[in-house]
Amino acid sequence: MNGKKGSCVKIDIDLPSKAIAPEQLKKPGVGAADEFRPGQWIRDVWRFAKDDPKRVIFALKVGLAVLLVSLLILFRAPYDVFGTNIIWSILTVAIMFEYTVGATFNKGFNRALGSIAAGVFAIAVMQVAMSSGHVAEPFVIGFSIFLIGTVTSFMKLWPTLTQYEYGFRVTLFTYCLIVVSGYRMGTPVKTAMDRLYSIAIGGLVAVLVNVLIFPIWAGEQLHKELVNHFNTVADTLEECVKKYLADDGTDRPEFDKTVMDDFADEPAFRKCRTTLNSSAKLDSLANSAKWEPPHGRFRHFFYPWCEYVKVGAVLRHCAYEVMALHGCLHSEIQAPYNLRIAFQPEIQDATNQAAELLRSLGKDISNMKRGLQTTLLKRLHSSTERLQRSIDIHSYLLTTTHHEYSSPKPPSKPLDLPDPTQNPVPPTIHRAESYHETMRKQQKRLYSWPSREVDEFGEEGGFGGGDGGEMIRRMRALESTAAMSLATFTSLLIEFVARLDHLVDAVDELAKMARFKEEEI
């Protein structure tokens, strides 16, 4: 700068090749994920529809039902009969049409009951209001609206009347609309009857379209959902045990992924989490299935849909043990790999037998056959007893340090140790000391929990310090703790097998009440 007015200094700065100019930076919050891409959106919609084609069928049926009731307005003759009240048919179809037939019947019943009750109350109250005179009429109507709103809102909170919550809502708004419009139009009875007729037409169209055109039955959905849960629990059990026995501890997931259950290489585990959260879905399907008439393979009245919910509850009780096994798989304290391999045959055999029993139970429910699981149960109990005996016989391995299971494998080549009868050779001694030093460091890394650096051991004395005995006792305690994690894993597996007995009883009870066919031997 030379101090003259208007003068400036030009500074050239060479940016690196990978640098980005400020004008090229995007504004915060605007990125590739926030941009709308029609192609990706179309692919997502296609994938969503392909996963369950019934979703497309349901959407088409709703469109058809709305079209049919709209024709009553588009054509002159029906419109001259019902007038603007025919719009209630469209509202009824839009509100009442549900995914399954049972849910549609359930909502239709609530809709019909609430509309009839509202119509009767409205006609009675309007007659009383008109007979009370012009001055008191609006007060009577206003008080009745307040009373109906209070009673219906309180009753729908009653525990035993929760399933009729929609009916109480329908009663409230139908009553208010009929009374208010009837008061202004001066013909409350005609208004109430026209709207009831319109609601009946909309409900009839919704039921007929839902039942006659590619019906989606809640009972079938419940049946398939339960069978899928059996297969999911079996797959998750096998996946968890297989990974536990194959894991040598070299590839541990990050803590953030463990907390968030983000395991991309465990697809069955993700499905098992869905099984644990399936209680509300099974209850909803069972409640809807109660309203469905006999159909398909469910051809007798009063089908025991509640038993499906009970079997699902027992299955979730078993799935909790699988999730506990998965927690051991990703826990911070792990048994040495060689110790796990020592019990691999017994653990693998018990796992295979348990998974086979689960799939067999799911297959029996799917085929609606009552099979005898005595053979599978005996084989499962025998494999579990072998695992228990093996743990009992080799229990000393789980509490005491044993070099053959816990220490790292020695090098494949023998060490070049010096001949004791001759003078020692310094390079050979140096190699031997290097080997033992390496083994000592590996032992420190392997048996320190929480994980600690090797230098920290050296600073505290370590093996070479004055408190070497105390350090060895601490390491042995840590070794025993790590080995006990294997005992925890096996005990959870045995508990899972014990819970399968209750699952077999629940499935057998379902087969009896649902009249499954006896399996031919």
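Residues numbered from 1 in each chain as written. Predicted model: local features only at pLDDT ≥ 70, side-chain atom pairs only at ≥ 80, totals over all residues. Heavy atoms only, no water.

Visitor: Hey, could you run me through the nonpolar core in this one?
Guide: The nonpolar side chains of a soluble globular protein tend to be buried, and buried together. The biggest cluster of nonpolar side chains holds 64 residues, and the ones touching the most others in it are Phe230, Tyr308, Ile347, Leu358, Phe496, Leu500 and Leu503. Counting only elements with at least two residues in this core, the list comes to helix H9 (218–246), helix H11 (267–276), helix H12 (279–289), helix H13 (305–329), helix H15 (344–367), helix H16 (374–393) and helix H20 (468–513). Element by element, the count of residues in this core is highest for H20, at 14 residues. Excluding anything up to four places from it in sequence, tyrosine 308 contacts Leu222, His223, Leu226, Phe298, Tyr303, Ile365, Leu510 and Phe516. (Core = buried A, V, L, I, M, F, W, Y, C linked by side-chain atoms within 4.5 Å. Buried < 20%, exposed > 50% of the residue type's maximum accessible area, 1.4 Å probe, protein only. Helix = DSSP H or I, 4+ residues; strand = E, 2+ residues; numbered from the N terminus. Contact = heavy atoms within 4.5 Å.)

Visitor: What is the right way to look at the pattern of salt bridges in this model?
Guide: Under the defined criterion, the tally for this structure stands at 13 salt bridges. Salt-bridge contacts for aspartate 235 lead to arginine 359; the nearest nitrogen and oxygen are separated by 2.5 Å. In this pair, aspartate 235 is assigned in helix H9 and arginine 359 in helix H15, connecting sequence segments 124 residues apart. Judged by relative accessible area, which is 34%, aspartate 235 ranks as partly exposed. Taking the shortest distance from any N to any O, the salt bridge between arginine 359 and glutamate 238 comes out at 3.0 Å. Taken together, the positions of arginine 359 in helix H15 and glutamate 238 in helix H9 put the pair 121 residues apart, joining distant regions of the chain. (Salt bridge = Lys/Arg side-chain N within 4 Å of Asp/Glu carboxyl O.)

Visitor: Help me understand the packing of aromatic side chains, please; the structure alone is not making it clear to me.
Guide: Centre distance and the angle of the planes are the two values used to describe a pair of aromatic rings. Counted by the stated rule, this structure contains eleven aromatic pairs. Ring geometry for phenylalanine 58 against phenylalanine 97: centres 6.0 Å apart, planes inclined by 50 degrees, an arrangement best described as tilted. Of this pair, phenylalanine 58 sits in helix H2 (residues 54–74) while phenylalanine 97 sits in the loop between helix H4 (87–96) and helix H5 (101–131), and the two are 39 residues apart along the sequence. Note on phenylalanine 58: relative accessible area 21%, which makes it partly exposed. The buried category is assigned to phenylalanine 97, whose relative accessible area is 5%. Centre to centre, the rings of phenylalanine 109 and tryptophan 291 are 5.1 Å apart; their planes meet at 40 degrees, and the pair counts as tilted. Taken as a pair, phenylalanine 109 in helix H5 and tryptophan 291 in the loop between H12 and H13 lie far apart in primary sequence, 182 residues in all. Taken together, Phe298, Tyr303, Trp305 and Tyr308 form an aromatic cluster joined through their ring pairs. The ring of phenylalanine 48 carries the charged tip of arginine 55 above its face, separated from the ring centre by 4.0 Å. (Phe/Tyr/Trp six-rings, centres within 6.5 Å; stacked < 30°, edge-to-face > 60°. Lys NZ or Arg CZ within 6 Å of the ring centre and 35° of its normal.)

Visitor: Looking at this structure, I do not really get the environment of aspartate 505. What am I missing?
Guide: Relative to the helices and strands, aspartate 505 resides in helix H20. In sequence terms aspartate 505 and valine 314 are 191 residues apart; their C-alpha atoms lie 9.8 Å from each other.

Visitor: What am I meant to see in the UniProt feature "transmembrane region" (unreviewed entry) in the chain here?
Guide: According to UniProt, the positions carrying the feature "transmembrane region" (unreviewed entry) are residues 56–75, 81–101, 113–133, 139–159, 166–184 and 196–218. For the annotated span residues 56–75, helix accounts for 95% and strand for 0% of the residues, and the straight-line distance between the end C-alpha atoms is 29 Å. Helix makes up 62% of residues 81–101 and strand 0%, with an end-to-end C-alpha separation of 31 Å. (UniProt positions renumbered as here; feature names shortened; annotations may be inferred.)

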